[in-house]
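Per-entry structural report
Listed here are the chains, written in short residue letters.
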Amino acid sequence: MNAIILMICKLAMALLKLTGRGSSFPGELALKLNKNILKYFKLPDRIIAVTGSSGKGSCSSVIARCFRDQGYKVAHNSSGSNLTAGITALLISRSKLSGKIRDDVLVMEVDERYAKFIFKDVKPDTVVITNLTKDQPPRQGHVDLVYHEINKALKEDMTLILNGDDPYTRKFTLKRSFRKVYYFGIDRTKDSYTEPRYENLIMYFCPKCGKRLDYNYRHIEIYGDYKCPGCDYRRPEIDYLVKNADYDEKSIEINGHGIKLPYGMLFGVYNTAAIYACCSVCGLDEEKTSQTLSSEKADKHIYSEYSQGGRNVYVLNNKNENSATFNQSVWFYNRGRGEKSVIIGWREISRRYGFDDLSWLYDISFELLDDGHLDYVVASGTHAEAVKRRMELAGIPESKIVCEPELSNAVDFLKTKTKSDIYAILNFDYVEPFNSLMGE
């Protein structure tokens, strides 16, 4: 019976491909015909899951590429369908009718709320947790809820790969023992700082004794070299430590291997460290992994930079409803030199639901935009007036705030009324339209 279900679903997949569509529908169909279909598959010995609030798609894609570059056949949900139906569709596409997966390695991007369902039948031996941040409030609720959902999915015979600079994800090891836990992190850089710059953090206090955490240095928000003054809760020994991080030169070093980065962004360094750690833990050659990482090209949907009219333009794709991604863009802006203008906007907050929740705008430290070099902030898009109001509350002088709901008008203002470098902090739905209007 299960072989027949796979045959039907493979046919549906082929028909969708002919029409130029790829979706999780074959997985949804298989689960309707047999809700336990995942138990039928004969999985490879090596199964890697990547989950977290952000970065899981990028990390899982490059992990899969690293394995392929070293001769492995890899199954990976590259389309980004990371719920149960998406994982089921992936396995259907990579299996024989007998249910046997044809690949050596399975790499899964897994939605953080669905890990507890997927791991029951597709149990990874290695789990990478990129981060946990405030994200999609109407869907996710509080970050603690997401933490507990992931924690339910984890088993003690799994190997975890965690950000050692993050005191929040360290909580996964607080009351539980796992087969192995490896940590990645970043050594002090010239951009590290000591005094807090960001408010509305997800963690201030030690989860063991409740005292406020101290920091030797910070990279951003709660990430850095932390320790509790009242107990032994502190940054662990880092197994994969990024050294000599140079965001201007877009270069880092891990375990003596130099790596060129596609982005001079902090999230790019953390993603690269997570990928490197995972590949090393899973036995790949570190030099070859470094070569694959160094060959990565910038994805213009995520980040791009170019010259327009003799000035620099930086386009930063931000995940709406996620303050951490916006704060990293603010951090990137702060590193810039000379006069700067900023445009912030989007067409829609989310495609998953119709809620126009804007509470997340108040978790972002937009106050840091007024650094003495700000020319203008241009608010654009569907909620331009709300963005303008947020800038006013951040203390940005009213004379420096321009509200242009139409993106074409906003870009025209930047082109004709400013001469400074431009930082475009946009949701993904405005990245390509912005670049097109700029003539890129």
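Please refer to the structure higher up on the page.
Report on the accompanying structure. (Residues numbered from 1 in each chain as written. Predicted model: local features only at pLDDT ≥ 70, side-chain atom pairs only at ≥ 80, totals over all residues. Heavy atoms only, no water.)

Here we look at the overall build of the chain
A count of helical and extended segments in the chain gives 13 helices and 17 strands. Its C-alpha atoms give the chain a radius of gyration of 22 Å, within 12% of the compact-globule value 22 Å for 440 residues. Each of the three principal axes of the chain carries a C-alpha extent, and together these read 70 × 55 × 40 Å. Scored against the burial criterion, the 440 residues of the chain give a buried share of 56%. (Helix = DSSP H or I, 4+ residues; strand = E, 2+ residues; numbered from the N terminus. Rg over C-alpha atoms; globule rule 2.2 N^0.38 Å. Buried < 20%, exposed > 50% of the residue type's maximum accessible area, 1.4 Å probe, protein only.)

Let's talk about the nonpolar core
Judged by nonpolar contacts, the single largest core of 120 residues is most densely connected at Met-108, Phe-119, Leu-154, Ile-344, Phe-366 and Leu-369. Ranked by residue count, the leading element in this core is helix H8 (residues 266-281), at 10 residues. In this view, Ile-344 contacts Phe-326, Phe-366, Leu-369, Val-377, Val-378, Ala-379, Ser-380, Val-387, Met-391, Ile-425 and Leu-426; residues no more than four positions away in its chain are not counted. Listed in part, the 18 residues of the second largest apolar core include Tyr-306, Leu-407, Ile-422 and Ala-424. (Core = buried A, V, L, I, M, F, W, Y, C linked by side-chain atoms within 4.5 Å. Contact = heavy atoms within 4.5 Å.)

What about helix H3 (residues 56-69)?
Counted at 1.5 Å a residue, the expected span for H3 with its 14 residues is 20 Å, and the 20 Å between its end C-alpha atoms agrees. Every buried residue of H3 is accounted for by Lys-56, Cys-59, Ser-60, Val-62, Ile-63, Ala-64, Cys-66 and Phe-67. For H3, the elements touching its buried residues are strand E1 (46-51), strand E2 (74-76), strand E3 (105-109), H8 and helix H9 (286-294). Of the residues one or two after H3, Gly-71 is the one with positive phi, at around 95°. (Expected span 1.5 Å × (residues − 1).)

Observations regarding the sheet that holds strand E9 (residues 240-246)
Reading across the sheet, the 9 strands line up as E2-E3-E1-E4-E5-E6-E9-E10-E11 and stay open at both edges, with mixed pairing between neighbours. One side of each edge strand has no neighbouring strand; the edge strands of this open sheet are E2 and strand E11 (257-260). Averaged over neighbouring strand pairs, the angle between their axes works out to 20° when direction is ignored. Seen against the sheet, helix H4 (residues 84-93) touches E2 and E3 and runs at an angle of roughly 155° to E3. (Pairing = 2+ DSSP bridges. Axes fitted to C-alpha atoms, helices over the stretch in contact; angles between N-to-C directions.)

Comments concerning empty space enclosed by the protein
Inspection of the entire model under this criterion finds 2 cavities of 30 Å³ or more. The computed volume of the largest cavity comes to approximately 100 Å³. Lining the largest cavity, in full, are Leu-132, Thr-133, Lys-134, Asn-200, Leu-201, Ile-202, Glu-221, Ile-222, Tyr-223, Ser-323 and Ala-324. Class assignment for the residues of the lining of the largest cavity results in 6 nonpolar, 3 polar and 2 charged. Of the pockets and cavities examined, the second largest cavity occupies roughly 30 Å³. (1 Å grid on protein atoms, 1.4 Å probe; cavity = no way out; pocket = protein on both sides within 12 Å on 5 of 7 lines; lining within 4 Å. Points joined across faces, edges and corners; volume = space filled by probe spheres on them. Nonpolar A, V, L, I, M, F, W, Y, C, P; charged D, E, K, R; others polar.)

Notes on the environment of Val-107
Position of Val-107 among the secondary structure elements: in strand E3. Val-107 sits 131 residues away from Ile-238 along the chain, and the two C-alpha atoms are 24 Å apart.

Concerning the sheet that holds strand E16 (residues 401-403)
Strand order in this open sheet of 6 strands is E12-E13-E17-E14-E15-E16, and the pairing throughout is mixed. Each edge of the open sheet is held by one strand with a lone partner, namely strand E12 (303-308) and E16. Sheet twist, expressed as the mean angle between neighbouring strand axes with direction ignored, is 15°. For E12 and strand E13 (residues 311-318), the ladder comprises 6 bridges, and the chain directions are antiparallel.

Structural notes on a nonpolar patch on the surface
Together, Met-1, Ile-4, Ile-8 and Leu-33 make up an exposed nonpolar region whose accessible area comes to about 410 Å². Tracing the chain through its elements places Ile-4 in helix H1 (residues 2-18). (Patch = residues over 30% accessible without salt bridge, like charges linked within 9 Å, V, L, I, M, F, W, Y side chains within 5 Å. Areas by Shrake-Rupley, 256 points an atom, 1.4 Å probe, with all protein chains shown as cover. Salt bridge = Lys/Arg side-chain N within 4 Å of Asp/Glu carboxyl O.)

Side note on the pattern of salt bridges
It is possible for side chains bearing opposite charge to pair when their charged atoms get close. All told, the structure shown has 24 salt bridges when counted by the stated rule. Lys-190 is paired through a salt bridge with Asp-248; the nearest N and O atoms lie 3.6 Å apart. Within this pair, whereas Lys-190 is found in the loop between strand E6 (180-186) and strand E7 (214-220), its partner Asp-248 is found in the loop between E9 and strand E10 (251-254), the two being separated by 58 residues in sequence. In this structure, Arg-335 and Asp-248 form a salt bridge, with 3.1 Å as the shortest nitrogen-oxygen distance. Within this pair, whereas Arg-335 is found in helix H10 (residues 323-335), its partner Asp-248 is found in the loop between E9 and E10, the two being separated by 87 residues in sequence.

Concerning the packing of H8 against H9
Running from N to C, H8 and H9 point in directions that differ by 150°, and their axes come no closer than 10 Å. Of the possible angle classes, the one that applies to H8 and H9 is roughly antiparallel. Helix-helix and strand crossings are classified by hand; for H8 and H9 the assignment is right-handed. Residues Thr-272, Ile-275, Tyr-276, Cys-279 and Ser-280 of H8 form the contact with H9, whose participating residues are Glu-286, Thr-289, Ser-290 and Leu-293. The residue inventory of the contact of H8 with H9, partitioned by class, reads 4 nonpolar, 4 polar and 1 charged. (Parallel < 35°, antiparallel > 145°, perpendicular 65-115°, else oblique. Left-handed = near helix turned anticlockwise from the far one by under 90°.)

Observations regarding the packing of aromatic side chains
Enumeration according to the criterion identifies 22 aromatic pairs in this entry. Between Tyr-204 and Phe-205, the aromatic rings sit 6.2 Å apart at their centres with planes inclined by 45°, giving tilted as the arrangement. Exposure remark for Phe-205: the relative accessible area of 43% places this residue in the partly exposed category. One aromatic cluster is present, built from ring pairs that chain together Tyr-263, Phe-267, Tyr-303, Tyr-314, Phe-332, Tyr-333 and Tyr-423. Lying across the ring of Tyr-233, Arg-170 places its NZ or CZ 5.8 Å from the centre. For Arg-197, the ring lying beneath its charged end belongs to Tyr-193, and the centroid distance is 4.2 Å. (Phe/Tyr/Trp six-rings, centres within 6.5 Å; stacked < 30°, edge-to-face > 60°. Lys NZ or Arg CZ within 6 Å of the ring centre and 35° of its normal.)

Here's the deal with the packing of helix H2 (residues 25-33) against H4
It is the contact of H2 with H4, at a shortest axis distance of 7 Å, that shows an interaxial angle of 95°. Taken as axis vectors, H2 and H4 run roughly perpendicular relative to one another. On H4, the residues touching Pro-26, Gly-27, Glu-28, Ala-30 and Leu-31 of H2 are Thr-84, Ala-85, Thr-88, Ala-89 and Ile-92. Its residues assigned to classes, the contact of H2 with H4 comprises 6 nonpolar, 3 polar and 1 charged.

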